[in-house]
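# Reading the structure
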Amino acid sequence: MSLRLPRVDRILEHPALASSPALRTIQKRQVHEVLAELRRRAQAGEIAEAPEVEAIAGEVARRLAEVMTPRPRALINATGVLLHTNLGRAPLSREAVAAMTAAAGNCELEFEVETGRRGSRLTWLRPLLAALLGTEDVHVVNNGAAALLLACTAVGRPGGVVLSRGQMVEIGDGFRVAEMAAAGGAQVWEAGSTNRTHVADYAAGLAGELPGQSAGASAILWVHLSNFLQAGFVHQPTLGELAALGRERGAPLIADLGSGSLGGIAGDEPTVQEYLAQGAELVTCSGDKLLGGPQAGLLAGSAALVGKCRRHPLARALRPDKTTVAALHATAIAYASGQAETLPLRRMMAPAAEQLRARAGALAQLLGWPLGQVRDSEATVGGGSLPGDVMASAALAVPTADPTATAAALRRAGVVGRVSGGELLLDLRTVAPEEEAALATAVRAVLTG
Ligand SMILES: *Cc1c(COP(=O)(O)O)cnc(C)c1O
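Residues numbered from 1 in each chain as written. Predicted model: local features only at pLDDT ≥ 70, side-chain atom pairs only at ≥ 80, totals over all residues. Heavy atoms only, no water.

### Things to note about the site of the ligand
Cut-off, in case you're wondering: Note on definitions. A residue lies near a molecule or strand when any single heavy atom of the residue is within 4 Å of it. Side-chain atoms alone can form a polar contact between residues adjacent in sequence; in general such a contact is a pair of N or O atoms within 3.5 Å, and within protein one must be able to donate a hydrogen while the other accepts it. Here the Shrake-Rupley method, with its probe set to 1.4 Å, supplies the accessible areas, and only the displayed protein chains count as covering residues. Gly is placed with the polar residues, together with every amino acid not listed as nonpolar (Ala, Val, Leu, Ile, Met, Phe, Trp, Tyr, Cys and Pro) or charged (Asp, Glu, Lys and Arg).
Near the ligand you find R89, N143, G144, A145, I171, H224, S226, D256, G258, S286, K289 and G384, and these make up its full shell. Here an oxygen atom of the ligand sits 2.8 Å away from a polar atom, N or O, in the main chain of A145. In the model, an oxygen atom of the ligand is placed 2.8 Å from a nitrogen or oxygen of the K289 side chain. Here the ligand has 390 Å² of accessible area as a free molecule, and 93% of this is covered by the chains. Class assignment for the residues of the shell around the ligand results in two nonpolar, seven polar and three charged.

Dropping the structure here:
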């Protein structure tokens with residue numbers, strides 16, 4: 001059935017929209033969108049009559065207000081997942097935020113104040129990161145995937161890289177490490193099997209003896225199993241064994257660590273320094289996972305290999321912006337000055353479960369709930385690190401008959417919890433003490449509203 005819909009002009013003239021002529025272009029698009037949806041719903045038999053101009057204009061005004069509100073909004077992470085990819089991974093320290101603000105206008109990004117000449121955006125950060133990681137040189141790009149892409153493209157060509165089938169990791173949203181490694185033109189040669197790969201498999205790849213090869217691979221690629229575990233009849237050579245093979249054949253070992261811990265973190269996630277010490281010549285990792293800094297990608301290793309990456313044309317396409325450089329520098333300063341424990345990620349990791357239970361109890365009291373609403377909970381690090389590890393935590397169970405609906409209302413009020421075992425839980429491990437008052441206000445508003 002076809003609807004008699006109002007004309008676009010008539011909708012745009014409605015007082016709900018007419019007051020903002022500057023927004024005409026976007027309003028027009030939205031009117032067309034709303035009308036198209038109405039036609040579709042009429043065809044599907046969902047509506048029989050056209051809504052009034054008033055209602056359509058109201059809907060357009062609502063959509064307009066939505067896109068004209070600055071986003072992303074801040075949210076309180078009460079999920080118990082410390083590095084929540086969808087919630088912006090590592091929260092930044094106050095110092096990092098201040099550094100980003102300072103760099104936001106004009107700044108000495110690539111400028112030597114002393115001479116007035118052109119400088120490098122990594123002048124200050126590079127020596128600090130290199131010293132922290134105990135390596136010759138470091139380069140920075142805009143995320144971990146970019147670091148991997150740059151490493152494989154600059155170092156893994158012309159022969160490509162050898163990668164174990166047991167390390168062909170998919171990291172989320174359908175993105176696969178092997179495909180990202182190859183995106184710059186470096187062939188990825190699959191070696192071994194899903195569960196077992198041997199030094200001889202890598203040696204075959206470096207000798208050009210794997211199916212499809214016409215020459216030996218240029219490098220070995222190691223990918224850390226950052227988000228899953230393997231057990232049973234499995235074998236993978238150590239980094240040290242592969243480094244020795246690489247040295248013997250003149251092929252560097254690139255290791256994609258992903259998580260980027262610099263140490264001081266419980267659990268057996270390897271650190272960048274350990275990877276380098278074990279013989280990886282070029283280590284790539286993220287800045288906003290266990291490092292606890294901004295979204296960034298680090299390449300750490302020998303001056304020769306890092307230099308090759310820095311001079312590759314892709315480096316220009318992947319360079320970090322000024323606010324990233326500033327936030328990463330502030331984060332590096334925290335490590336260098338022994339203040340890593342003050343980083344928000346580390347503050348989430350530090351408390352014992354009893355401390356979190358005490359905070360949950362106090363919060364329950366503040367909300368006028370019985371102490372019985374406090375639950376033992378399990379938090380996870382998430383964000384492609386420490387798979388399978390859980391941290392004892394404490395949560396508040398929100399008293400509600402409909403946990404799913406209350407969770408949605410609470411999300412709209414700026415708090416993201418998790419529904420588990422038929423309850424809406426607010427995990428205190430990922431909530432900073434200074435966020436508790438706002439959390440209580442939001443919960444109260446949702447439960448009484
Ligand atoms: C997370 C991860 C990446 C990608 O890093 P981003 O910073 O998300 O781009 C690459 N490799 C591994 C092993 C990872 O865990």
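### Regarding the sheet that holds strand β6 (residues 188-191)
Heads up, the rule is: Strands are treated as partners if at least two bridges between them are detected by DSSP. Under the DSSP-based scheme used, a helix requires at least four consecutive residues in state H or I and a strand at least two consecutive residues in state E, with every element numbered from the N terminus. As a rule, the C-alpha atoms of each element are fitted with a line to give its axis, helices using only the stretch in contact, and angles between N-to-C directions run from 0 to 180 degrees. Contact criterion: two residues are considered in contact whenever any of their non-hydrogen atoms come within 4.5 Å of each other.
Ordered in space as β2-β10-β9-β8-β7-β3-β6, the seven strands form an open sheet in which the pairing is mixed. With partners counted over all chains shown, the strands left at the sheet margins are β2 (137-141) and β6, one partner each. Ignoring which end each strand starts from, the neighbouring axes of this sheet average 25° apart. One ladder, built from four bridges, connects strand β8 (residues 253-258) with strand β9 (residues 282-286); its direction is parallel. When the sheet's bridge partners are listed, A255 is paired in β9 with V283. Packed on one face of the sheet, helix α7 (residues 144-155) meets β2, β3 (161-164), β7 (219-223), β8, β9 and β10 (297-301) and runs near 160° to β9.

### A few points about the nonpolar core
Selection rule: As used in this record, nonpolar core signifies buried Ala, Val, Leu, Ile, Met, Phe, Trp, Tyr and Cys residues forming a set joined through side-chain atoms within 4.5 Å. To sort residues, take the accessible area from a 1.4 Å probe on protein chains only and compare it with the maximum for the residue type: under 20% means buried, over 50% means exposed, and anything in between is partly exposed.
Within the largest apolar cluster, 44 residues are counted, with the highest numbers of intra-cluster contacts made by L125, L129, L133, V272 and L328. For this core, the element with the highest residue contribution is helix α14 (residues 322-336), accounting for five residues. By size, the runner-up hydrophobic cluster in this structure holds 29 residues, among which are A146, A154, V188 and L299.

### Quick word on the domain arrangement of the protein chain
Quite often, the size of an interface is put as the accessible area lost when its parts meet. Worth spelling out the cut-off: Segmentation into domains, and thus their bounds, comes from an automatic or database assignment.
Domains assigned within the protein chain are domain 1 (8-67), domain 2 (76-84 + 346-448) and domain 3 (93-342). On a C-alpha basis, the centroid separation for the pair domain 1 and domain 3 is 49 Å.

### Looking at the packing of helix α3 (residues 24-43) against helix α4 (residues 53-67)
Here is the rule: Geometric relationships in this document are graded by angle, where less than 35 degrees denotes roughly parallel, more than 145 denotes roughly antiparallel, 65 to 115 denotes roughly perpendicular, and other angles denote oblique. Here is the rule for handedness: rotate from the far helix to the near one, and if that takes an anticlockwise turn smaller than a right angle the crossing is left-handed, while a clockwise turn gives right-handed.
Interhelical geometry of α3 versus α4 gives an angle of 125° and a closest axis separation of 10 Å. The orientation of α3 relative to α4 falls into the category oblique. Seen along the crossing, α3 lies across α4 with a hand that is right-handed. Judged by residue contacts, I26, Q27, Q30, V31, E33, V34, L35, E37 and L38 of α3 engage I56, E59, V60, R63, L64 and V67 from α4. Class assignment for the residues of the contact of α3 with α4 results in nine nonpolar, two polar and four charged.

### Some points on the UniProt feature "modified residue: N6-(pyridoxal phosphate)lysine" (unreviewed entry) in the protein chain
Quick reminder of the rule: UniProt positions are given in the numbering used here, feature names are shortened, and annotations may be inferred rather than shown by experiment.
In the numbering used here, UniProt assigns the "modified residue: N6-(pyridoxal phosphate)lysine" (unreviewed entry) feature to K289. Residue placement: K289 occurs in the loop between β9 and β10. In this structure, K289 is in contact with L83, R89, A90, G258, S259, L345, G383 and G384, ignoring residues within four places of it in sequence.

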